[in-house]
Amino acid sequence: MTLLTAEGVHVTFPGRRGAPPARAVDGVDLEIGAGEIVALVGESGCGKTTLARTLLGLVRPAAGTVSFAGEPLAYTSRALRAYRRRAQLVLQDPSGSLNPRHTVYEAVAEGLRIHGIHRDGDAERAAVAGALSRAGLRPPERFFLRYPHELSGGQRQRVVIAGALVLEPELIVADEPVASLDASVRGEILALLLRLRDELGLSALVVTHDLGLAWNIADRVAVMYLGRVVETGPVESVLTAPRHPYTRALLSVLPESETPPVVLSGEPPDPARIPAGCRFHARCHVLASGEAAPVADHCRTRPLPVLRAGGGERGVACHWANAGASP
């Protein structure tokens with residue numbers, strides 16, 4: 001069953017000093033199924049965080065729709081308030097997410113109080129204890145009166161996750177959930193997210209630049225470049241046999257890669273001035289090598305249709321790959 005759907009989503013920001021508007025998200029179709037973990041990957045600045053915030057209702061799209069459980073998202077205060085009980089955000093930096101003056105108990109109980117849930121003290125205490133326990137902080141009462149500075153980085157991230165879980169959401173959007181953590185605890189947090197999916201049926205969108213993380217946690221991956229999804233499919237299929245040159249380049253720099261690293265030339269194009277044709281063509285090593293010569297004119301001049309990222313099907317927005325190039 002599909003839980004969240006984005007159709008034709010566009011997000012633009014005003015240009016600076018008379019420049020055209022920046023097309024941060026430039027036509028995205030995305031689905032997240034119930035109990036599914038989807039990884040949204042790409043370089044910094046590709047639009048993935050803006051898309052994630054749009055899916056949560058924090059940014060209103062300029063065009064397109066976001067639907068949750070089959071109902072289009074309404075942008076009234078009441079509708080958004082109700083939606084944010086069902087879809088919760090987990091940010092990258094737990095230190096920045098937690099008020100240093102609030103105890104762990106207060107941090108986790110904050111969502112309950114905002115939404116007017118469990119006004120009875122005993123019920124609130126039980127809900128906070130349950131959320132901390134599910135997040136792996138046991139016994140939970142031992143953490144109630146601690147402050148963020150008294151916790152390790154991994155424990156702080158667990159508190160942030162508990163603050164999301166206390167509202168019993170159906171979807172978590174985790175933006176670089178382990179980027180600020182030591183390598184020794186990253187695996188623990190990823191294992192926690194997998195356990196929450198298995199035990200609670202929780203869905204998750206994990207936003208990351210790390211394809212290795214996607215491999216370890218996701219059921220499906222959507223690779224984003226310059227505001228659009230350029231490759232999608234089951235994570236094992238995409239990461240063992242990538243078809244888009246951009247996905248290949250991202251994979252080539254992983255430590256375990258068996259292929260020479262691909263160094264992309266230049267910076268990603270300005271989202272206010274998206275190039276004609278394939279938006280990756282100016283940095284494409286396959287095109288530069290001459291390997292894509294039969295479709296080179298298409299790469300430079302013919303735009304590709306929006307790729308639908310949903311279900312178990314593979315998809316790639318690439319003239320060269322769609323012309324029959326082998327993975």
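Worth saying up front: this structure is predicted, and the values here are computed from it rather than measured.

A. Inspection of the sheet that holds strand β2 (residues 22-33) at higher detail. Taken in spatial order, the five strands line up as β5-β4-β1-β2-β11 in an open sheet, and their pairing is mixed. Edge positions in the open sheet fall to β5 (71-72) and β11 (308-309), since each of these has one partner strand only. Here β2 pairs with β11 via two bridges, running parallel. When the sheet's bridge partners are listed, L30 is paired in β11 with A309. Against the sheet, helix α1 (residues 48-55) engages β1 (2-13), β2 and β4 (63-68), with an angle of about 120° to β1.

B. Just the pairing of strand β10 (residues 228-234), in detail. In terms of burial, β10 is a largely internal element, six of the seven residues being buried. As judged from the six bridges shared by strand β9 (residues 220-225) and β10, these two strands associate in the antiparallel manner. If you follow A222 over to β10, its bridge partner there is T232. Here β9 hands over to β10 after two residues, with L226 in that stretch at a positive phi of 50°. Looking at chain direction, β10 and strand β12 (residues 315-316) are connected through two bridges and run antiparallel. For E231, the partnering residue across the bridge sits in β12 and is V316.

C. Spatial organisation of the packing of aromatic side chains. This model, assessed by the stated rule, comprises five aromatic pairs. Ring centres of F68 and Y83 lie 5.2 Å apart, and the angle between their planes is 70°; this geometry places the pair in the edge-to-face category. With a gap of 15 residues between them, F68 in strand β4 and Y83 in helix α2 (residues 77-86) connect regions that are remote in the sequence. Residue class for F68 comes out buried when judged on its relative accessible area of 6%. Among the aromatic residues, those joined into a ring-pair cluster are Y225, Y246 and F280.

D. Examining the sheet that holds strand β8 (residues 203-208) more closely. Taken in spatial order, the seven strands make up an open sheet running β6-β7-β8-β3-β9-β10-β12, and their pairing is mixed. Of all the strands in the sheet, just β6 (87-90) and β12 have a single pairing partner and so form its edges. Each of β6 and β7 (171-175) is contacted by α2, which is oriented at about 65° to β6, the strand it contacts most.

E. Local environment of the side chain of E176. Turning to its location among the elements, E176 is positioned in the loop between β7 and α7 (183-200). Despite its burial, E176 pairs with no opposite charge, the nearest such side chain being K48 at 4.6 Å. The contact partners of E176, leaving out residues within four places of it in the chain, are K48, Q92, V207, T208 and H209.

F. Examining the pairing of β2 more closely. Of all 12 residues that make up β2, 11 are buried, and the element is covered over most of its length. Relative to β2, β1 is paired through nine bridges, and the arrangement is antiparallel. When the sheet's bridge partners are listed, T12 is paired in β2 with R23.

G. Expanded view of the environment of P305. With respect to the helices and strands, P305 occurs in the loop between α12 (296-301) and β11. Separated by 12 residues in sequence, P305 and A317 place their C-alpha atoms 7.3 Å apart.

H. Seen up close, the packing of helix α6 (residues 153-165) against α7. As a packed pair, α6 and α7 sit with axes 10 Å apart at the nearest point and diverge in direction by 20°. In terms of orientation, α6 and α7 fall into the roughly parallel class. Handedness of the crossing formed by α6 with α7: right-handed. The segment α6 lies against α7, with G154, Q157, R158, I161 and L165 engaging V185, E188, I189, L192, L193, L196 and L200.

I. Just the pattern of salt bridges, in detail. Counted according to the given criterion, the structure contains 15 salt bridges. When the shortest N-O distance is used, the salt bridge between D26 and R279 registers 2.9 Å. Highlighted residues: D26 in strand β2 and R279 in the loop between α10 (245-252) and α11 (285-289), separated in sequence by 253 residues. Assessed through its relative accessible area of 5%, D26 is described here as buried. R314 is the partner of E231 in a salt bridge, and the nearest nitrogen-oxygen pair spans 2.6 Å. Of the two residues, E231 is situated in strand β10 and R314 in the loop between β11 and β12; the sequence distance between them amounts to 83 residues. Given the relative accessible area of 0%, E231 is considered buried. Residue classification places R314 among the partly exposed residues on the basis of a relative accessible area of 29%.

J. Layout of the nonpolar core. Counting residues in each nonpolar core, the largest one holds 77 residues, and the members touching the most others are V108, V128, L132, I161, L165, I217 and Y246. Ranked by size, the runner-up nonpolar core spans 32 residues in total, among them L3, V25, Y83 and L205.

Each value, and the rule that gives it
Residues numbered from 1 in each chain as written. Predicted model: local features only at pLDDT ≥ 70, side-chain atom pairs only at ≥ 80, totals over all residues. Heavy atoms only, no water. Pairing = 2+ DSSP bridges. Helix = DSSP H or I, 4+ residues; strand = E, 2+ residues; numbered from the N terminus. Contact = heavy atoms within 4.5 Å. Axes fitted to C-alpha atoms, helices over the stretch in contact; angles between N-to-C directions. Buried < 20%, exposed > 50% of the residue type's maximum accessible area, 1.4 Å probe, protein only. Phe/Tyr/Trp six-rings, centres within 6.5 Å; stacked < 30°, edge-to-face > 60°. Lys, Arg positive; Asp, Glu negative; His and termini not counted. Salt bridge = Lys/Arg side-chain N within 4 Å of Asp/Glu carboxyl O. Parallel < 35°, antiparallel > 145°, perpendicular 65-115°, else oblique. Left-handed = near helix turned anticlockwise from the far one by under 90°. Core = buried A, V, L, I, M, F, W, Y, C linked by side-chain atoms within 4.5 Å.

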